[in-house]
Amino acid sequence: CVVAVILGPTMDAMDVDGGDADEQQENRPLRANENRGDDGDGAGKKLASEFPAGMTVEEYLNRERDLLAAEILAYGNGLAEKLKVEYGHLKASYLKRVEAAGIRDLGLIGEAAPAGPVVPTHLSVQLEVEEGQYKGESFVTEPRLKQSSLIGRSKSKKLMSPGKGVSLARDYEVSSAHAKFEVTADGRLAIVDLGSTNGTTVNGGKIDADARHVLAVNDVLNIGTNTIRVAAITPLPDA
């Protein structure tokens, strides 16, 4: 009984210390070449033998990850270089075929074709009246590709609004809708007589009704009693 009393606490303390040591052993990082137990078939020892000595499992996995990433990057770079070389061969072959076919108006592959001239679709036209009912006056009209501007005796909004048309309301030799200004598909100014009573002349020659006549700066129009010079034709942005 005396021995039990003396040794009892001591053995209990040893068990407690031993338990703490086991717990600390379990919690410390596992070394890659270390095995904490065997599953009975030696698999744990075999796996541990494949790891480098002195590395934890986490260190080993990080190293393997970095090595795999480096391999993938090297493979991708090699593939990109191979594609670049193949593209160069294909381009050279294509250019030889183009040259053999006698085609001269194509830009090199990968190069933008030179931009052609911009065709205006909106014009500002300045008209100066040199003789007639409106002598000394000037007008500005702005025809568009799909929107003509009128000139005539009418006082309608189409003729009276700035830039929309030209109203010659005081001249009774002018028809209500006498003629119209248009922008052609190639960006030039033209006038069309709309079947007016007294007709329209350009540089002294009468133009046919409903026929388009292209105009240039300094061309002279006769509409009613008015002699009108085309003073300026200015392209405008097609807003």
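Keep in mind it's a predicted model, so treat the numbers as computed, not measured. (Residues numbered from 1 in each chain as written. Predicted model: local features only at pLDDT ≥ 70, side-chain atom pairs only at ≥ 80, totals over all residues. Heavy atoms only, no water.)

As a further point, take the overall build of the protein chain. When its secondary structure is counted, the protein chain shows four helices and eleven strands. Counting every position in the protein chain, which comprises 239 residues, the buried fraction comes to 24%. Contacts spanning at least 24 positions in sequence make up 43% of the contacts within the protein chain whose residues lie at least 6 apart. (Helix = DSSP H or I, 4+ residues; strand = E, 2+ residues; numbered from the N terminus. Buried < 20%, exposed > 50% of the residue type's maximum accessible area, 1.4 Å probe, protein only. Contact = heavy atoms within 4.5 Å.)

Strand order in the open sheet formed by five strands is β4-β3-β5-β6-β9, and the pairing between neighbours is mixed. Either end of the sheet is taken by a strand with one partner, and the two such strands are β4 (165-167) and β9 (212-215). Here the average twist between neighbouring strands, direction ignored, is 25 degrees. Both strand β3 (residues 149-152) and β4 contribute to a ladder of three bridges, which runs parallel. Counterpart to Ile-151 in the pairing with β4 is Val-166. (Pairing = 2+ DSSP bridges. Axes fitted to C-alpha atoms, helices over the stretch in contact; angles between N-to-C directions.)

It is worth spelling out the layout of surface pockets at this point. Where empty space is left in the structure can be found by rolling a water-sized probe over the atoms. Considered as a void within the structure, the largest pocket measures approximately 210 Å³ in volume. Taken together, the residues of the lining of the largest pocket break down into two nonpolar, five polar and four charged. (1 Å grid on protein atoms, 1.4 Å probe; cavity = no way out; pocket = protein on both sides within 12 Å on 5 of 7 lines; lining within 4 Å. Points joined across faces, edges and corners; volume = space filled by probe spheres on them. Nonpolar A, V, L, I, M, F, W, Y, C, P; charged D, E, K, R; others polar.)

Right, let's talk about the side chain of Thr-184 for a bit. The topology assignment puts Thr-184 in the loop between β5 (179-183) and β6 (189-193). Residues in contact with Thr-184, not counting those within four places in the same chain, are Leu-145, Ala-190 and Arg-212.

What follows deals with the pattern of salt bridges. A side chain with one charge can pair with a side chain of the opposite charge if their charged atoms come near. Evaluation of the coordinates by the stated rule reveals eight salt bridges. The partner of Asp-66 in a salt bridge is Arg-65, with the nearest N and O atoms 3.1 Å apart. Overall, Arg-65 belongs to the exposed group, its relative accessible area being 52%. Residues Asp-186 and Arg-188 are paired through a salt bridge, measuring 3.1 Å at the closest nitrogen-oxygen approach. (Salt bridge = Lys/Arg side-chain N within 4 Å of Asp/Glu carboxyl O.)

All right, on to the packing of aromatic side chains then. Under the criterion given, the structure shown has one aromatic pair. Between Tyr-134 and Phe-139, the ring centres sit 6.0 Å apart and the planes meet at 65 degrees, which makes this aromatic pair edge-to-face. Assigned by exposure class, Tyr-134 and Phe-139 land together as buried. Lying across the ring of Tyr-134, Arg-170 places its NZ or CZ 4.1 Å from the centre. (Phe/Tyr/Trp six-rings, centres within 6.5 Å; stacked < 30°, edge-to-face > 60°. Lys NZ or Arg CZ within 6 Å of the ring centre and 35° of its normal.)

Here the focus is the confidence of the model for the protein chain. Averaged over every residue, the pLDDT of the protein chain is 81; residues scoring 70 or more account for 72%. The weakest mean pLDDT in the protein chain belongs to helix α1 (residues 2-27) at 45; the strongest belongs to strand β10 (residues 220-223) at 98. Confidence over residues 1-19 falls short of pLDDT 50; this stretch has two contacts with residues more than four positions distant or in other chains. (pLDDT = per-residue confidence, 0-100.)

A few words now on the environment of Glu-182. Along the polypeptide, Glu-182 turns up in strand β5. Taking C-alpha positions, Glu-182 is 8.5 Å from Arg-212, a pair spaced 30 residues apart along the chain. Contacts of Glu-182, omitting those with residues within four sequence positions, involve Pro-143, Ser-148, Arg-188, Leu-189, Ala-190, Val-192 and Arg-212. There is a polar contact of 2.9 Å between the side chain of Glu-182 and the side chain of Arg-212. (Polar contact = N/O pair within 3.5 Å; in protein donor to acceptor, adjacent residues only side chain to side chain.)

What follows is about the nonpolar core. Core analysis: the biggest nonpolar cluster contains 23 residues, and Ile-151, Leu-168, Phe-181, Ile-191, Leu-215 and Ile-228 have the highest contact counts within it. Counting only elements with at least two residues in this core, the list comes to β1 (123-131), β5, β6, β10 and β11 (226-235). The residues contacting Ile-151, other than those within four sequence positions of it, are Leu-159, Val-166, Leu-168, Ala-177, His-178, Ala-179, Phe-181, Ile-223 and Ile-228. (Core = buried A, V, L, I, M, F, W, Y, C linked by side-chain atoms within 4.5 Å.)

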